[in-house]
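The lines below spell out each chain.
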Amino acid sequence: MTIQFNDETFRDDYSFHNSPWAIKRFPFPFDKDDYMYSVNMEPHKGGRDGSVFQNRFDVDEHYVSEMRDRAKVLSDDPLRCQSLPHMTLAGWDLLELIMVSKSEDYPDMFELHRDGDTWRWINKPLGIDDTFTFLDEATLPYGPMEYITRQTQGDFAVLDQRDDNLWMDAGMITTQADWSLDFDIGMNFFEWHAPVPLAHEKGIFVRALKFLLNIQQGAPARRLNWTMTVNPLLDTSPENYHKWGIQKTELTPENIGSKQHLRVELQTFFRLPRSNGMVFPIRCYLCSFQDLMTVPKWGRRLHRVIRDLPEELATYKGFIDNRPMMLDYLSQFDDGQPTSLGIWPDLETEPPLKK
Amino acid sequence: MSGAEKITVKVTDIVPLNELVTRFKFERTDGALLPTFSGGAHTVVEMKDGSVTRLNPYSLMSDPMDQRAYTISVRRDDQGRGGSLFMHRKVKVGDEMTLSYPVNLFALDLRAKKHLFFAGGIGITPFLAQIKQLERTGGKWELHYACRSHALGSYVDELTDKYPNQVHIYYDENDQKINLEHLLDGQPLGTHIYVCGPKGMIGWVRETAATLGWPREAVHYEEFLAPQSGKPFEVKLAISNKVIQVGEHESLLEAIERAGVDAPYLCRGGACGQCETDVVECDGKILHRDHWLDDAEHASGKKIMPCVSRFEGKTLVLDR
């Protein structure tokens, strides 16, 4: 197989780590030196070779360990995966989308053999070889959405479309930035976004919904979102806040480089053909500050973005208390030189740090 | 590029069903499978008619599970602008054509305990795909289908043969009429209504359901409008800084596209809202024909749907 999978944890001893390859392809979310909300959607139709945008569902070195972490979260709290009764067809849609995409994009790791409704799915990294009947739930060990998302990195919000709105009627949510499927299940687009500051006033959600309702088959879209996480935790859920919230107070000037992580979500949006629903995969990428600082352009830019971010956003994203310590650390990597436009590391063309 | 993604297909079968309706079958030219779709979806068929390119939406009526071919049924409209006449007279088996990916503006509400369908004439086509989908997934449905005459009753025989207990046919020529109030009175809780057919029928079903207290969310309808011919008019496009002439048999959207301006669209039938355009200046009368904008928006003169609406008067400036 072309990818060497890490054996690592996202809890307890936090042995999670990024290889130089993973750092270079990290989806740095800031395309310029300041940040404000925008709908910032683009077509999800490939991207630079080797980048996280290249394939419909990115598989990287964290795959096997992330799936192990998901299984652990689900065994502790089965309500992280829910599907209302009318969403089963959408679950089959998602299973089909992922199996077809992964077997085409990673033929060395995944195989799908279809003979009418009899499907054989081979997932080599996880050692799975199952034969089942498409659209017959009884032939799978879990419902179709749960089955395939136990084998796919990222959270999945599966949305029903009706009455000119989108409804959070199913999902697999174990790597979330502090929101709860069990709380949001059955809500519409405006209801589940109600806690977000500033964006409502700017009319962002009205425009975003209009855009999403018009996403059509064959034309998926994507955007990046971000927040901050202390320790490489995938499961920063409200259900477990009592376990991870306290860790934000454990940051010191000595450990911030390795403990503080930029958390980036690659959010993609696909129309589901058989159900006319939508799937909203939310893929989480983590990178420690010290690893990010190995890219001079990102060091300069991250300092400027965090320094100039409006207070409401720093509060909402949960790092307002740690911002001064972050800025002390990050300012060491900002020599005031200009940065090139766009998110790419530009290692060959951007000057090294002059300090 | 506006509109949904495109697929190149060839015409593999043409079957005249009766005096007015002909069925067309399409398969991909590259031999690959077509995308699956949901019952109620349409495709936009691109017709190269000499120097004119027409883009008309037609409901997909084939089995959504069958990815080998799509089928549509086209009713000939002798008074129309020529799209259906082109399909009937010019298209031959073996021709290469371009379809859009399926787009669904008339989807089933999958929460429904029962789906109650009302079809009028050629409005039967989306229900043919929805019935196949529900048969496959075990959904409960019932169809009430009004046709002008036995001779023009497309797919009546297939439907009544296969589903004698679920399909009810009403012929105008026999003075048969759907007993709507009675039907709506006896439905189980959680039933959803779907209607596709002539404007009058859609209005009748929606109003009757509303009067009887049915929730708005449980009543679904689809009506594609064909753009209508009208007097030629002139339009200024403010952003692209162009003055264009809209011909008698051309829609405003088509004239904008002919001028090389990429304008958003999806259904091209006044239903989806994609082509909604702001009016910068208007000295005259906008002839609104869509059912996307509401009455207040129509009256305001601030918005127009260029796929079906026209203009009469001195000056019209659009934000495009």
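Here is what the cut-offs are and how they apply
- Residues numbered from 1 in each chain as written.
- Chains lettered and ligands numbered in written order.
- Predicted model: local features only at pLDDT ≥ 70, side-chain atom pairs only at ≥ 80, totals over all residues.
- Helix = DSSP H or I, 4+ residues; strand = E, 2+ residues; numbered from the N terminus.
- Rg over C-alpha atoms; globule rule 2.2 N^0.38 Å.
- Buried ≥ 20, exposed ≤ 12 C-beta atoms within 10 Å, placed from the backbone.
- Arc of directions from axis to C-beta.
- Contact = placed C-beta atoms within 7 Å.
- Axes fitted to C-alpha atoms, helices over the stretch in contact; angles between N-to-C directions.
- Parallel < 35°, antiparallel > 145°, perpendicular 65-115°, else oblique.
- Left-handed = near helix turned anticlockwise from the far one by under 90°.
- Nonpolar A, V, L, I, M, F, W, Y, C, P; charged D, E, K, R; others polar.
- Pairing = 2+ DSSP bridges.
- Expected span 1.5 Å × (residues − 1).
- Core = buried A, V, L, I, M, F, W, Y, C linked by C-beta atoms within 7 Å.
- pLDDT = per-residue confidence, 0-100.

Visitor: Please clarify how the overall build of chain A should be interpreted in this entry.
Guide: Counting its regular elements, chain A contains 13 helices and 10 strands. Relative to a compact globule of 355 residues, whose C-alpha radius of gyration would be 20 Å, chain A shows 20 Å and is just as compact. Out of the 355 residues belonging to chain A, those deemed buried represent 36%.

Visitor: Could you clarify how one ought to interpret helix α13 (residues 323-331) of chain A in this entry?
Guide: Note: α-helices contain 3.6 residues per turn, so residues at a spacing of three or four share the same orientation. Residues and elements named next belong to chain A. Listed in full, the buried residues belonging to α13 are Met 326, Tyr 329 and Leu 330. The buried residues of α13 occupy one face: seen down the axis, they fall within an arc of 95°. Across α13 from its buried face, at more than 90 degrees, point the exposed residues Pro 324 and Asp 328. If you follow the buried residues of α13, they end up packed against α9 (256-259), β9 (260-271), α10 (289-292) and α11 (296-308).

Visitor: I tried to follow the packing of α11(A) against α13(A) on my own but got confused; where do I start?
Guide: In helix packing, the relevant descriptors are the interaxial angle and the interaxial distance, both defined with respect to the helix axes. Residue and element names in this part refer to chain A. Packing of α11 against α13 brings their axes to within 9 Å, and their N-to-C directions diverge by 155°. As summarised for this structure, α11 and α13 are arranged roughly antiparallel, according to the angle between their axes. Of the two possible hands of crossing, α11 and α13 adopt the one that is left-handed. Side by side, α11 and α13 meet where Leu 302, His 303, Ile 306 and Arg 307 of the first sit next to Arg 323, Met 326, Leu 327, Leu 330 and Ser 331 of the second. The class makeup of the residues in the contact of α11 with α13 is five nonpolar, two polar and two charged.

Visitor: Explain the pairing of strand β15 (residues 277-287) of chain B here, please?
Guide: Residues and elements named next belong to chain B. As paired strands, β15 and strand β16 (residues 303-304) are joined by two bridges and run antiparallel to one another. Residue pairing in the sheet places Thr 277 in a bridge with Ile 304 of β16. Strand direction decides the pairing type here: β15 and strand β17 (residues 310-318), joined by eight bridges, are antiparallel. Bridge pairing in β17 links Ile 286 to Phe 311.

Visitor: Please clarify how the sheet that holds strand β4 (residues 118-123) of chain A should be interpreted in this entry.
Guide: The pairing of strands in a sheet comes from backbone hydrogen bonds and takes either a parallel or an antiparallel form. Residue and element names in this part refer to chain A. Strand order across the open sheet formed by three strands is β3-β4-β5, with antiparallel pairing between neighbours. Unpaired on one side and paired on the other, β3 (110-115) and β5 (128-133) mark the two borders of the sheet. Strand after strand, the sheet turns through a mean of 10° between neighbouring axes, direction not considered. Of the pairings in the sheet, the one linking β4 to β5 comprises six bridges and is antiparallel in character.

Visitor: Sorry if this is basic, but what is going on with helix α5 (residues 199-211) of chain B here?
Guide: Residue and element names in this part refer to chain B. Here α5 contains 13 residues, and its C-alpha end-to-end distance of 18 Å stays within 8% of the 18 Å for a straight helix at 1.5 Å per residue. Check the buried side of α5 and you find it contacts β8 (114-120), α4 (180-185), β11 (191-196) and β12 (219-222). Just past α5, the residue Gly 213 takes up positive phi, approximately 90°.

Visitor: What's the story with the interface of chain A and chain B in this structure? I'm lost.
Guide: A common way to state how big an interface is: give the accessible area lost once the parts meet. The interface of chain A with chain B comprises 13 residues on the first partner and 19 residues on the second. In terms of residue class, the side of chain A that touches chain B is made up of three nonpolar, seven polar and three charged.

Visitor: When you look at the nonpolar core in this model, what are you seeing that I'm missing?
Guide: Nonpolar side chains tend toward joint burial in soluble globular proteins. Ranked by internal contacts, the top residues of the largest apolar core, which has 117 residues, are A:Leu94, A:Val158 and B:Val235. With eight residues, helix α3 (residues 88-105) of chain A is the single largest residue contributor to this core. When sequence neighbours within four positions are dropped, the list of residues in contact with B:Val235 reads B:Ile244, B:Val246, B:Leu252, B:Phe311, B:Leu316 and B:Leu318. If you look at the next biggest cluster of nonpolar residues, it comprises 25 residues, including A:Cys284, A:Tyr285, A:Leu292 and A:Val295.

Visitor: Explain the confidence of the model for chain B to me, please; I cannot follow it from the model alone.
Guide: Any segment with low pLDDT has predicted coordinates that should not be analysed in fine detail. Mean pLDDT over chain B works out to 93, with 99% of the residues at or above the 70 mark. Predicted complex metrics record ipTM = 0.87 and pTM = 0.90.

Visitor: Before we go on, may I ask you to explain the pairing of strand β8 (residues 221-230) of chain A in this structure?
Guide: A regular strand carries its side chains on alternate faces of the sheet. Residues and elements named next belong to chain A. Bridge count between strand β1 (residues 42-43) and β8: two bridges; the pairing is antiparallel. From the neighbouring strand, Glu 42 faces β8, where its bridge partner is Arg 222. Across 10 bridges, the pairing between β8 and β9 is antiparallel. Bridge pairing in β9 links Thr 227 to Arg 263.

Visitor: Is there a simple way to think about the sheet that holds β12(B) in this case?
Guide: Residues and elements named next belong to chain B. Judged by pairing direction, the sheet is parallel, and its five strands sit side by side in the order β10-β9-β8-β11-β12 without closing on themselves. Looking at the sheet topology across the chains shown, the edges are occupied by β10 (167-171) and β12. The mean angle between the axes of side-by-side strands here comes to 15°, regardless of whether they run parallel or antiparallel. In this structure, β8 lies alongside strand β9 (residues 141-147), joined through six bridges in parallel fashion. Residue pairing in the sheet places Phe 117 in a bridge with Leu 143 of β9. Packed onto the sheet, α5 meets β8, β11 and β12 and runs at close to 160° relative to β11.

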